[in-house]
Amino acid sequence: MRKVAVVGGGATRCGKREATWRELAQEAGKAMFDSVMNLSPNDVEALLVGAAQPERFTFQVHVAPLVAECLGIKPTKVIAKTELMCASGQAALRYAWACVASGLCDVAVAFGVEKMYMQNMAEAQTNMTCVLDREWDGVNAMSAPPFFAMTAQRHMHEFETTEEQMALVSVKNHHYSTMNPIAQFQKEVSIEKVLQSFMIAPPLKLFDCSGITDGAAGVVLVPAEDASKYTDTPMLIAGSGQANIGNAVNNLASISEWIPLKLAVREALRTAKISLADIDIAELHDCFTISELMEYEAFGWCDRGKGGKFIEEGEPYIGGTVAVNPRGGLLGCGHPLGATAILQSLDIMKQFQGDVPSGRLVKDAEVAVAHNLSGAANVHSLMVYRRG
Amino acid sequence: MKDDIEKIAQPEKITLPQMLDFYPLEDEKNTRISQFFQNLKMGHLTTTKCKSCRSVLWPPRVVCSNCMSDDLEWVNLGTEGELYAFTEMKAGAPLGFEKDLPFCIGLVKIGGLLLSSRIDGVRYEDLKIGQKVQLKVVELENDGRVFYRFKV
């Protein structure tokens, strides 16, 4: 396996965008090519496009060639869309990484696009209800909000986690997203504002939930030995982990503990040859506030059931045990499904380059992890990045 | 130039396509687990059990996910379950379910399984973890397909 570096990338502003799927792809593609010196679309041999549901949101399939055409890329080695719902972008990254690491190609682009705002938003909600097992869970209207609401209820029941502790995650991540110009949400929220926001599915309220978001992003991957051709400040891919147990809610390992995440963390640390204490930045998948609390626990930064206490004590803030979501997270930045993992990797790269506002800069960060979960938190995907 | 623009018709509404229908197709022409729905019509909630390794499988299957045997039998799960978790959909229901808002959804322990289900005829405030719930069968008015739910 060859060492692989990320040498640059670009993204759109995220949010409710007055732009089509392909326009978002063009914006992100231009930003990506503008950011990397000595790289033209003709150099790209592999293109992986993370997109969760373009067939439902935009009524378009075969989207990877559409991106290739829009960006003037003519892939000669690999081209495909990657779908892993909320981790679709990380799937693109993983395959692009594998393509370069294996020696199959020397320049790969991991891209992600999602256009989630539709003319009829009930249709968007419908799309999100075929993510879990549609015939046996979706049929009961089981989409992400009710599933994670029940996850939160079990966590509260078993460990006395409170709604205030969950709200703290939203407060923290909205705080950091005010310093991220491409984030969907640019305003601070208080605990009271979170607690008093519209009830979506109890105990989850509006500000416990990540938004519906349009956005796109892309990054360029090359062999580490070639990185200096494209940038003076590359980011290395140091390791990865991914694990899946079950699909339908009956077949999950647990509701109140994310066992596949524990497995993925172990694998990520092993492949990156690091310990938990080495991680300076963690971009975690805070699709809902409860998710981030459970992720502190599964990573092992705190004991099982103590995620609420961990944030109460300020540990996931910059300067604490580990800086969690200094980008602003999904709660602050929005969650354009296929683009999310690419946006995380781009922001980590900017952190390593010192190119983020000082209020959310993790000084001298060397090691970062990016995490995405998908489905009923049955799949967990992790990448480990290191300053190049 | 504006006079040359031809107006063409576009239907205002399109009938809900089958693939946006959440309920499984249940007849023998469409599925090999039609027996599940026939049993449900008789008031029995059933699933498949592997005759080879004895695993009880949910959702019902045609191949055992534990040992790959295709020698499966139907077993009855009973009619009383216990509420493991629940919430109430207040907004954001998919097409076809909007008229039901608000409605409760739960995870129900029954026959050693954990099933997701609608919990009918009750509000969130009235439910408790561990509460007993009873099987209920619903039938789609338009084509007679059935599905399970639970009620208090």
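Residues numbered from 1 in each chain as written. Chains lettered and ligands numbered in written order. Predicted model: local features only at pLDDT ≥ 70, side-chain atom pairs only at ≥ 80, totals over all residues.

### Comments concerning the overall build of chain A
Scanning chain A for helices and strands turns up 13 helices and 12 strands. Relative to its length of 388 residues, chain A is compact, with a C-alpha radius of gyration of 19 Å against a globular reference of 21 Å. In terms of its C-alpha atoms, chain A occupies a principal-axis envelope of roughly 55 × 45 × 40 Å. Here chain A holds 388 residues, and the buried ones make up 64% of them. A fraction of 76% describes how many contacts in chain A between residues 6 or more apart in sequence connect residues 24 or more apart. (Helix = DSSP H or I, 4+ residues; strand = E, 2+ residues; numbered from the N terminus. Rg over C-alpha atoms; globule rule 2.2 N^0.38 Å. Buried ≥ 20, exposed ≤ 12 C-beta atoms within 10 Å, placed from the backbone. Contact = placed C-beta atoms within 7 Å.)

### Description of the domain arrangement of chain A
Residue and element names in this part refer to chain A. Looking at the assigned domains, one finds that chain A contains domain 1 (4-120 + 213-235) and domain 2 (140-211 + 236-387). Here domain 1 and domain 2 have C-alpha centroids that lie 23 Å from each other. Taken together, the 38 residues of domain 1 in the interface contact 35 residues of domain 2. Looking at the side of domain 1 that touches domain 2, the elements with two or more residues in it are strand 1 (4-11), helix 4 (88-101), strand 4 (108-114) and strand 7 (215-223). The element contributing the most residues to the side of domain 1 that touches domain 2 is helix 4, with 6 residues. Of the residues assigned to the side of domain 1 that touches domain 2, the class counts are 23 nonpolar, 11 polar and 4 charged. (Domains from an automatic or database assignment. Nonpolar A, V, L, I, M, F, W, Y, C, P; charged D, E, K, R; others polar.)

### Comments concerning the nonpolar core
Buried together is how nonpolar side chains tend to be arranged in soluble globular proteins. Residue and element names in this part refer to chain A. With 166 residues, the main nonpolar core has Leu47, Val67, Ala96, Ala110, Val220 and Leu221 as its most contacted residues. Split by domain, this core shows at least three residues from each of two domains, domain 1 (4-120 + 213-235) and domain 2 (140-211 + 236-387). Not counting the four nearest positions on each side in its chain, Ala96 is found in contact with Ala46, Leu48, Ala108, Val109, Ala110 and Leu221. (Core = buried A, V, L, I, M, F, W, Y, C linked by C-beta atoms within 7 Å.)

### Some points on the packing of helix 6 (residues 144-159) of chain A against helix 10 (residues 289-299) of chain A
Residue and element names in this part refer to chain A. The N-to-C vectors of helix 6 and helix 10 enclose an angle of 50 degrees; their axes lie 9 Å apart at closest approach. As far as their axial angle goes, helix 10 and helix 6 are oblique. When the axes of helix 6 and helix 10 are compared, the crossing they make is left-handed. Contact residues: Phe148, Thr151, Ala152 and His155 in helix 6; Ile290, Ser291 and Met294 in helix 10. The residue inventory of the contact of helix 6 with helix 10, partitioned by class, reads 4 nonpolar, 3 polar and no charged. (Axes fitted to C-alpha atoms, helices over the stretch in contact; angles between N-to-C directions. Parallel < 35°, antiparallel > 145°, perpendicular 65-115°, else oblique. Left-handed = near helix turned anticlockwise from the far one by under 90°.)

### Considerations on the sheet that holds strand 1 (residues 46-50) of chain B
Sheet strands associate in pairs through backbone hydrogen bonding, adopting either a parallel or an antiparallel arrangement. Residues and elements named next belong to chain B. Spatially, 3 strands are ordered 2-1-3 in an open sheet, and the strand pairing comes out antiparallel. Two strands bound the open sheet, and with one partner strand each, they are strand 2 (56-57) and strand 3 (72-76). Pairing of strand 1 with strand 3 involves 5 bridges; the strand directions are antiparallel. Note that in strand 3 the partner of Thr47 across the bridge is Val75. (Pairing = 2+ DSSP bridges.)

### Some points on the pairing of strand 12 (residues 379-387) of chain A
Residue and element names in this part refer to chain A. Across the 9 residues of strand 12, 8 count as buried, placing the element largely inside the fold. Bridge count for strand 8 (residues 235-244) against strand 12 is 9 bridges, and the pairing is antiparallel. If you follow Ser240 over to strand 12, its bridge partner there is Met383. Pairing of strand 11 (residues 367-374) with strand 12, which is carried by 8 bridges, proceeds in the antiparallel orientation.

### Topic: the interface of chain A and chain B
Often, the extent of an interface is quoted as the loss of accessible area upon association of its parts. Facing 30 residues of chain A, the contacting portion of chain B comprises 30 residues. Of all elements in the fold, only helix 5 (121-127), helix 6 and strand 5 (199-201) of chain A reach the threshold of two or more residues within the side of chain A that touches chain B. Examining the composition of the side of chain A that touches chain B, we find that 7 residues originate from one element, helix 6 of chain A, more than from any other. Taken together, the residues of the side of chain A that touches chain B sort by class into 16 nonpolar, 8 polar and 6 charged.

### Observations concerning the packing of helix 4 of chain A against helix 13 (residues 340-353) of chain A
Residue and element names in this part refer to chain A. At their nearest, the axes of helix 4 and helix 13 sit 5 Å apart, and the two run at 65 degrees to each other. Contacts between helix 4 and helix 13 involve Gly89, Gln90 and Leu93 on the former and, on the latter, Thr340, Ala341, Ile342 and Ser345. Here the contact of helix 4 with helix 13 is built from residues that sort into 3 nonpolar, 4 polar and no charged.

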